[in-house]
Amino acid sequence: LETEMAEAAEVSLHTIRMALDAELTGRAVKVPEFVPIKTPAEPGGPDHTDEDPAQGEVFDIGEADQVGPTPTDEGPLRSEETLTELQEETDDLTTEDPQPQLDVDQSCPTDLKSLRGRLWTLAARLAQRNGIGDLVMPLPGKGLGFVLRDVPDPARADQLDEDALAQVCTLWWQLAACSEMTVAPIESIVPVLPSDSVLRRALEDQDAELLFNSIWTLDPGHTGYRLWWVLHDRDWADLLNLMAAYRRIRQLAADTGTSIWDEN
């Protein structure tokens, strides 16, 4: 298709590709109009003229690759140089994200105690903004710095529509993953949970069915649609930083041979 367009428009394939790339990225790139290169006529030749070159122009059409841009005040440019500059400009546009990106906080601490405190802060903030702040409790000195005391209150869940409930439940599972609720040693995590906690009972009895029946467990493939894209920007940034801090704790533990679920 590019070749046919280039032939029909009588321009180079390179120019067509730049124009298509610009359209696909939603950017308008103004490509200078190309005209044949002016070349001096041979004295005495059939194209020779006695006119001053500044007053009259003699052109040699030649091949398509020999065409160049209209001369500017800075002087004429060779076609190869112009195409290179235009290609670099187009490459910059195609790699530029039109939407601002959220960078994971690079000021994340590097010691275990501070990392645990950071996870607790981020998890509590995320949960509070999404109506489940009472479910996050600190766990200083071991683990990931926080745990979930229980599943969302069924009475409160009944008041939510499907989309809101899906968001809350999917976020709960993200927090459960970052606190390793279903991975941690039972003896390390169960004693800190309330005695009437459904989550505690499910963990003590290793009753996965009780847990799955107590909180809506969506297909993991729905996480993007049900949670990631609907989160407020500040919540999305907190979630990314939460996962980054979790990774740093696990990487630190691996590098130092530390068991994060032991008291330390």
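Chemist: Describe the overall build of the protein chain, naming the residues involved and giving the relevant values.
Modeler: Helices and strands together make up the secondary structure of the protein chain, namely eleven helices and four strands. Here the protein chain holds 264 residues, and the buried ones make up 34% of them. Counted over contacts in the protein chain with a minimum sequence separation of 6, partners at least 24 positions apart contribute 65%. Put simply, the protein chain shows about 16,600 Å² of open surface, and 51% of that area lies on carbon and sulfur atoms.

Chemist: Let's hear about the packing of helix α6 (residues 162–179) against helix α11 (residues 233–256): which residues, and what values?
Modeler: At a minimum axis distance of 10 Å, the contact between α6 and α11 shows a crossing angle of 20°. One finds that α6 runs roughly parallel with respect to α11. α11 is crossed by α6, and the crossing has left-handed handedness. Across the interface between the two elements, Gln 174, Leu 175, Ala 177 and Cys 178 of α6 pack against Leu 239, Leu 242, Met 243 and Tyr 246 of α11. Residues of the contact of α6 with α11, tallied by class, amount to seven nonpolar, one polar and no charged.

Chemist: Which residues make up the packing of aromatic side chains, and what values do they have?
Modeler: To describe a pair of aromatic rings, you give the distance between the ring centres and the angle between the ring planes. Counted by the stated rule, this structure contains three aromatic pairs. Taking 6.1 Å as the distance between ring centres and 45° as the angle between the ring planes, the aromatic pair formed by Trp 173 and Phe 212 counts as tilted. Of this pair, Trp 173 sits in helix α6 while Phe 212 is found in helix α9 (residues 208–214), placing the two residues 39 residues apart along the sequence. For the pair Trp 228 and Trp 236, a centre-to-centre distance of 6.2 Å together with 55° between the ring planes defines the contact as tilted. Under the relative-accessibility criterion, Trp 236 is labelled partly exposed at 23%.

Chemist: If you had to explain the pairing of strand β4 (residues 145–148) to someone new, which residues and values would you point to?
Modeler: Walk down a regular strand and you will see the side chains alternate between the two sheet faces. Pairing analysis gives four bridges linking strand β3 (residues 136–139) to β4, with the strands arranged antiparallel. When the bridges of β4 are listed, Met 137 appears paired with Val 147. Following β3, the chain reverses through five residues before pairing antiparallel with β4; Gly 141 in that reversal takes a positive phi of roughly 90°.

Chemist: Residues and numbers for the confidence of the model for the protein chain, please.
Modeler: Here the protein chain averages 77 in pLDDT, and 68% of its residues register 70 or above. Highest mean pLDDT in the protein chain belongs to β4 (97); lowest belongs to strand β2 (residues 68–69) (42). Here residues 49–83 is modelled with pLDDT under 50, and outside its nearest four sequence neighbours on either side it reaches 42 contacts, counting other chains as well.

Chemist: Now, about the environment of Glu 204: what can you tell me, with residues and values included?
Modeler: Residue placement: Glu 204 occurs in helix α8 (residues 198–204). In sequence terms Glu 204 and Val 190 are 14 residues apart; their C-alpha atoms lie 7.0 Å from each other.

Conventions adopted
Residues numbered from 1 in each chain as written. Predicted model: local features only at pLDDT ≥ 70, side-chain atom pairs only at ≥ 80, totals over all residues. Heavy atoms only, no water. Helix = DSSP H or I, 4+ residues; strand = E, 2+ residues; numbered from the N terminus. Buried < 20%, exposed > 50% of the residue type's maximum accessible area, 1.4 Å probe, protein only. Contact = heavy atoms within 4.5 Å. Areas by Shrake-Rupley, 256 points an atom, 1.4 Å probe, with all protein chains shown as cover. Axes fitted to C-alpha atoms, helices over the stretch in contact; angles between N-to-C directions. Parallel < 35°, antiparallel > 145°, perpendicular 65-115°, else oblique. Left-handed = near helix turned anticlockwise from the far one by under 90°. Nonpolar A, V, L, I, M, F, W, Y, C, P; charged D, E, K, R; others polar. Phe/Tyr/Trp six-rings, centres within 6.5 Å; stacked < 30°, edge-to-face > 60°. Pairing = 2+ DSSP bridges. pLDDT = per-residue confidence, 0-100.

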